[in-house]
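Structural features, examined
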Amino acid sequence: MIDSSNSIYKDHHYKAVFFETFGCQMNKLDAELSLGLLQEEGYRIVDKVDEADVILFNTCSVRQHAEDKVYSHLGALKTLKKRHPEVIVGVLGCMAQKDGESIFKRMPHVDLVCGTRMFSRLPELILNIRNYGLHVLAIDEDQVVHVKRAVTHRPNFYQAFVTIIRGCDNFCSYCIVPYVRGREISRTIPDIKEEVQALVSSGCKEITLLGQNINTYGKGLSENVTLGDLLSELNDLDGLERIRFVTSHPADMSRDLIRTMSRLGKVCEHLHMPAQSGSDQILKRMRRGYTAGYYRNLISYARELIPHIAVASDFIVGFPGETDEDFQETIRLMEDIRFHNCFIFKYSPRTGTKAADLEDDVADEIKRARNMRLLELQKGISLEENKKLIGREVQVLVEGASKADSNKLSGRTRQNHIVVFHGSREFVGKLVDVLIHDVTDLTLYGTLT
Ligand code: SAH
Ligand code: SF4
Ligand code: F3S
């Protein structure tokens, strides 16, 4: 426990923290929760490493590139640490969980390695380093994360993320996430409702429920509950306007859940459900548990019940053995489904996963060319789809000033399009109707009606 009588700990001089986070939304939320804890302990956040007493990186291991970035950031801190040995450098999150002790060997100036389920103990771990000058390794595997959220710390006042299930049991053959995030553990409905209620009471209008594999929400809880049950309960909360959830897995996405989505007014017409590939033999080797045909049928069903639903996907190009014909099938799937947007990744072998035993036999320039091809294709589709919205009115939750032009406002539609328009600050946090008159592949432009 934290010894509050400790004089160093009380000294505000030691409480400036620099925090950088990599990886997925769940990692970003963990970073927000960690910072919330530190702020409650009196830390202030600084945006330059040389103003910090504590430098923390919340890391990602999903692709080699993500890890290389962190190691290069850490390497760059060597001279700072030589000049100021009292500064604490910490590695948190997925790469900490995966590489553990070996991070100290590779980067001896790192003081703290803290895994994916230990961040709730950050203040105490930092204090131990401060007091005893030791390296601290904290990667306990089976601890359930319980963080009392300080709702005031979120970056966007009107929109918040809420984790409802941690970990993943799917073991897709290419993916490191189940190894670094551990087994699936769901939070109870009352626990989630309490957090959402507190967020809503403090002004939040839209929540996005998070899980690596969100459709299996409820598995392992003593009460028999599903994601649909949770959505129904949250839909009844006064003051909450919109609910989203990510990420859906096609094999675990039930038709029942689609029906529930269609009847709950606050659940947005938005589904992030990665297809990963359009080729059945690649999907099989990825151990995804569905075929492209199954995926197509699921989307048809969703569109039948929720006509304007926007579907987003992830794709991996250059998975071991991916032929031109396999890749053509991915192109066909993309052309036929016409996704709202897609994230496209070049396959990156991850040690310890099943796919790492297969030869990484697609040359990097082919991976790059396939990546570009899919990006271009999706860009064209997004532009064409967005053009269909010209002359139409869309409902926008206004998030704040536009990043590109601070004289304008920016917000999102229920389908998750970004909309930029003129309007006074009094609209921030409100739902407004905007008439669209111009679009790009990424943004809609309009005027308030
Ligand atoms: N739980 C989510 C996200 C997992 S990671 C899901 O299942 O969709 C986000 C994306 O990274 C994945 O959807 C996948 O497209 C990509 N990804 C995962 N492992 C990868 C690897 N080894 N190489 C390249 N991309 C990968
Ligand atoms: Fe990784 Fe598959 Fe789990 Fe997603 S569902 S986190 S891709 S193992
Ligand atoms: Fe990366 Fe960990 Fe998320 S590996 S994608 S930060 S769960």
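Basis of the calculations
Residues numbered from 1 in each chain as written. Chains lettered and ligands numbered in written order. Predicted model: local features only at pLDDT ≥ 70, side-chain atom pairs only at ≥ 80, totals over all residues. Heavy atoms only, no water. Pairing = 2+ DSSP bridges. Helix = DSSP H or I, 4+ residues; strand = E, 2+ residues; numbered from the N terminus. Axes fitted to C-alpha atoms, helices over the stretch in contact; angles between N-to-C directions. Contact = heavy atoms within 4.5 Å. Core = buried A, V, L, I, M, F, W, Y, C linked by side-chain atoms within 4.5 Å. Buried < 20%, exposed > 50% of the residue type's maximum accessible area, 1.4 Å probe, protein only. Parallel < 35°, antiparallel > 145°, perpendicular 65-115°, else oblique. Left-handed = near helix turned anticlockwise from the far one by under 90°. Nonpolar A, V, L, I, M, F, W, Y, C, P; charged D, E, K, R; others polar. Near = heavy atom within 4 Å. Polar contact = N/O pair within 3.5 Å; in protein donor to acceptor, adjacent residues only side chain to side chain. Areas by Shrake-Rupley, 256 points an atom, 1.4 Å probe, with all protein chains shown as cover. Domains from an automatic or database assignment. Buried area = accessible area lost by both parts, 1.4 Å probe. Salt bridge = Lys/Arg side-chain N within 4 Å of Asp/Glu carboxyl O.

Brief notes about the sheet that holds strand S10 (residues 206–210)
Strand order in this open sheet of three strands is S7-S10-S11, and the pairing throughout is parallel. Where the open sheet ends on each side, the last strands, each with one partner, are strand S7 (159–163) and strand S11 (242–246). Ignoring strand direction, the axes of neighbouring strands in this sheet form an average angle of 20°. Here S10 runs beside S11; their pairing, made up of five bridges, is parallel. Paired with leucine 209 across the two strands is phenylalanine 245, which belongs to S11. Its contacts with the sheet put helix H2 (residues 25–40) on S7 and S10, and the angle it makes with S7 is roughly 100°.

Here we look at the pairing of strand S19 (residues 443–448)
With five bridges connecting them, strand S17 (residues 418–422) and S19 associate as parallel partners. Bridging from a neighbouring strand, valine 420 pairs with tyrosine 445 of S19. Both strand S18 (residues 431–439) and S19 contribute to a ladder of five bridges, which runs antiparallel. Note on S19: the bridge partner recorded for valine 439 is leucine 444. In this structure, the hairpin formed by S18 and S19 is closed by a connection of three residues.

Focus: the nonpolar core
With 66 residues, the main nonpolar core has Ile164, Ile207, Leu209, Leu227, Phe245 and Tyr295 as its most contacted residues. In this structure, phenylalanine 245 is in contact with Thr208, Leu209, Ile214, Asn215, Leu227, Leu231, Leu257, Met261, Val267 and Leu271, ignoring residues within four places of it in sequence. Among the nonpolar cores identified, the runner-up in size contains 24 residues, and Val70, Phe104, Val110 and Val113 belong to it.

Observations concerning the packing of helix H14 (residues 324–337) against helix H15 (residues 364–387)
Running from N to C, H14 and H15 cross one another at 15°; their axes reach a closest spacing of 10 Å. Judged by the angle between their axes, H14 and H15 are roughly parallel. When you trace H14 past H15, the crossing you get is right-handed. Contact residues: Asp324, Phe327, Thr330, Ile331, Met334 and Glu335 in H14; Arg370, Arg373, Leu374, Leu377, Gln378 and Ile381 in H15. Residues belonging to the contact of H14 with H15 are distributed by class as follows: six nonpolar, two polar and four charged.

Details of the site of ligand 1
In the vicinity of ligand 1 lie 14 residues, with Tyr174, Gln212, Gln276, Asp314 and Ser348 positioned nearest. Aspartate 314 is positioned such that a nitrogen or oxygen atom in its side chain is 2.6 Å from an oxygen atom of ligand 1. At 2.8 Å, a backbone N or O of serine 348 approaches a nitrogen atom of ligand 1. Taken by itself ligand 1 offers 540 Å² of open surface, and the protein chains cover 90% of this. At the level of secondary structure, the elements contributing two or more residues to the shell around ligand 1 comprise strand S13 (310–317) and strand S14 (341–346).

A short note on the domain arrangement of the protein chain
On domain assignment, one finds that the protein chain holds domain 1 (7–138), domain 2 (159–387) and domain 3 (393–448). Between the C-alpha centres of domain 1 and domain 2 the distance comes to 30 Å. Between domain 1 and domain 2, a total of about 1700 Å² is buried, with carbon and sulfur atoms accounting for 57% of that surface. Of all residues in domain 1, Met26, Arg63 and Arg117 give up the largest surface area on contact with domain 2, accounting jointly for 38% of the area buried on that side. Residue aspartate 30 pairs with arginine 181 through a salt bridge whose shortest N-O separation is 3.0 Å.

A word on unusual backbone geometry
Following valine 246, the chain continues to threonine 247 via a peptide bond in cis, the omega torsion being 0°. Positive phi values are uncommon outside glycine, yet phenylalanine 171 reaches one of about 50°. With phi around 85°, asparagine 416 is a residue other than glycine that occupies positive phi space. In this structure asparagine 416 comes out as partly exposed when scored by relative accessible area, which is 22%.

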